[in-house]
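Each chain, written out:
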Amino acid sequence: MEQTLESRVTSLEQTLAQLTAKVLQLTPVKKDWQATLGMLPDDDLSKEAERLGRDYRASQQEP
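Residues numbered from 1 in each chain as written. Predicted model: local features only at pLDDT ≥ 70, side-chain atom pairs only at ≥ 80, totals over all residues. Heavy atoms only, no water.

Caption draft 1: Layout of the overall build of the chain. A count of helices and strands for the chain gives three helices and zero strands. Whereas a compact globule of 63 residues would reach a radius of gyration of roughly 11 Å, the chain reaches 25 Å, over 25% beyond that. For the C-alpha atoms alone, the extent of the chain along its principal axes is close to 70 × 30 × 25 Å. Put simply, the chain has 63 residues, and 2% of those count as buried. With the model as given, the accessible surface of the chain reaches about 6700 Å², and the carbon-plus-sulfur share is 58%. In the chain, 8 positive and 11 negative side-chain charges are present, and the distance between their average locations comes to 4 Å. (Helix = DSSP H or I, 4+ residues; strand = E, 2+ residues; numbered from the N terminus. Rg over C-alpha atoms; globule rule 2.2 N^0.38 Å. Buried < 20%, exposed > 50% of the residue type's maximum accessible area, 1.4 Å probe, protein only. Areas by Shrake-Rupley, 256 points an atom, 1.4 Å probe, with all protein chains shown as cover. Lys, Arg positive; Asp, Glu negative; His and termini not counted. Charge placed at Lys NZ, Arg CZ, Asp CG, Glu CD.)

Caption draft 2: Main features of helix 1 (residues 5-25). Across its 21 residues, helix 1 extends 31 Å between first and last C-alpha, which sits within 8% of the 30 Å expected from 1.5 Å per residue. Taking burial as the measure, the 21 residues of helix 1 include zero buried ones, a minor fraction of the element. (Expected span 1.5 Å × (residues − 1).)

Caption draft 3: Highlighting the side chain of Ser46. Residue position: Ser46 is located in helix 3 (residues 44-60). Residue classification places Ser46 among the buried positions, given a relative accessible area of 11%. If we ignore the near neighbours within four places in the chain, the residues touching Ser46 are Leu40 and Pro41. (Contact = heavy atoms within 4.5 Å.)

Caption draft 4: Broad picture of the pattern of salt bridges. Within this structure, the stated rule accounts for four salt bridges. In this structure, Glu48 and Arg51 form a salt bridge, with 2.8 Å as the shortest nitrogen-oxygen distance. Of this pair, Glu48 and Arg51 both sit in helix 3, three residues apart, which is roughly one turn of the helix. Assessed through its relative accessible area of 34%, Glu48 is described here as partly exposed. For Glu50, the salt bridge is made with Arg54, and the minimal N-O distance between the two is 3.4 Å. You can see Glu50 and its partner Arg54 sitting in helix 3, four residues apart, about one turn around the helix. According to the relative accessible area criterion, Arg54 is partly exposed, its value standing at 42%. (Salt bridge = Lys/Arg side-chain N within 4 Å of Asp/Glu carboxyl O.)

See the structure below:
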C-alpha cells in the first residue's frame, strides 16, 4: 500500500500533536539533595564511593 506524501504528512502531524500534548502534561521532577538522600545501598561499593568523594572534596580545599 503506497501512501501519498500528503497522507504521510497528515499522519506525522497528528502524531506530533499527540506527543506534544503528552509532554505538556508532564510535571518536572524536583531535583534536590534531599530527594536523593539515602538512595545508595549501604554496601562496600557505596561506602568506597562515599570515601572517595570525601577525599576528593578534602583535596580541593585550600590549606
